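Structural overview for review
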Amino acid sequence: MKTSEILPYLKRVKHQNIVQFLHVHDTELEMWIIMELCSTNLESFVSREILLSRDHIILIFMQCANALAYLHSPDMNIIHRDVKPNNILLKFISQSPMVKLTDFSFAKDIRLHPDSYMRTVRGNVFWMAPEMLTDFGVQCEVAEYKKPVDMFCLGLVFIFCLLKKESLNRFKQEPCM
């Protein structure tokens, strides 16, 4: 995404569960984005966290849902199009995770055409809604989708958190004697 396309998102988006963008520095060769400091991303956290409680999973899910509700609101009308554990950053406040959705490189502002459909495949094939995929990730000319693709991807993230937690807990069980 070009700087001219991403800057409006960075300037408009202000929400407690979306990473705060502090400054953008653009050169001919690269763009530097300075944002608030977070501890880790959700994929790393889930992978190394042995005791990920259901309360933490629900808290993370609810905060992600709040961020998407804000983006999908009539005032914003932004589709993220790349919701996945690597794009969910975490800060910790009193041992409790605070979600910060990030990476708006595939985001789409649909304020000008709220009733229109998206037709391009964006994001990681393993974290996409089915309507964005055909023939194992090859873009289909007639594929059409809207805001619900973000919610489907959030559901995949929720399942990832639950299944990873369950598989890690299996190794903690006492061996049968």
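Residues numbered from 1 in each chain as written. Predicted model: local features only at pLDDT ≥ 70, side-chain atom pairs only at ≥ 80, totals over all residues. Heavy atoms only, no water.

**Comments concerning the pairing of strand 5 (residues 88-93)**
For strand 3 (residues 40-41) and strand 5, the ladder comprises 2 bridges, and the chain directions are antiparallel. Note that in strand 5 the partner of T40 across the bridge is L90. As defined by bridge partners, strand 5 adjoins strand 6 (residues 96-101) across 6 bridges and the pair is classed as antiparallel. Each bridged residue has a counterpart across the sheet, and for I88 the counterpart in strand 6 is L101. Counting the residues in the hairpin turn of strand 5 and strand 6 gives 2 residues, including S94, whose phi is positive at 55°. (Pairing = 2+ DSSP bridges. Helix = DSSP H or I, 4+ residues; strand = E, 2+ residues; numbered from the N terminus.)

**A few points about the pattern of salt bridges**
Note that side chains of opposite charge can pair when their charged atoms are close. Per the stated rule, a full pass over the model turns up 3 salt bridges. Of the charged contacts in the structure, one is a salt bridge between E36 and K91, with a shortest N-O distance of 3.0 Å. Of this pair, E36 sits in the loop between strand 2 (31-35) and strand 3 while K91 sits in strand 5, and the two are 55 residues apart along the sequence. By relative accessible area, E36 is classed as buried at 13%. With its nearest N and O atoms 3.4 Å apart, the salt bridge here joins K100 to E36. With K100 in strand 6 and E36 in the loop between strand 2 and strand 3, this residue pair connects regions lying 64 residues apart in the sequence. (Salt bridge = Lys/Arg side-chain N within 4 Å of Asp/Glu carboxyl O. Buried < 20%, exposed > 50% of the residue type's maximum accessible area, 1.4 Å probe, protein only.)

**So, the state of the cysteines**
The term disulfide refers to a covalent linkage connecting the sulfur atoms of a pair of cysteines. Applying the stated rule across the entire model yields 0 disulfides. Here C64 stays free of any disulfide, with the sulfur of C161 as its closest cysteine sulfur at 7.8 Å. (Disulfide = S-S within 2.5 Å.)

**Overview of unusual backbone geometry**
Of note, N77 is a non-glycine position whose phi angle comes to about 50°, a positive value. Here N77 is to be found in the loop between helix 3 (54-72) and strand 4 (78-79). Judged by relative accessible area, N77 falls into the buried class, the value being 8%. Even without being glycine, D103 reaches a positive phi, approximately 65°. Looking at where D103 falls in the secondary structure, it is placed in the loop between strand 6 and strand 7 (108-109).

**What about the environment of D109?**
By the element assignment, D109 lies in strand 7. Exposure remark for D109: the relative accessible area of 23% places this residue in the partly exposed category. Once the C-alpha coordinates of D109 and I78 are considered, the two residues, 31 residues apart in sequence, prove to be 4.5 Å apart.

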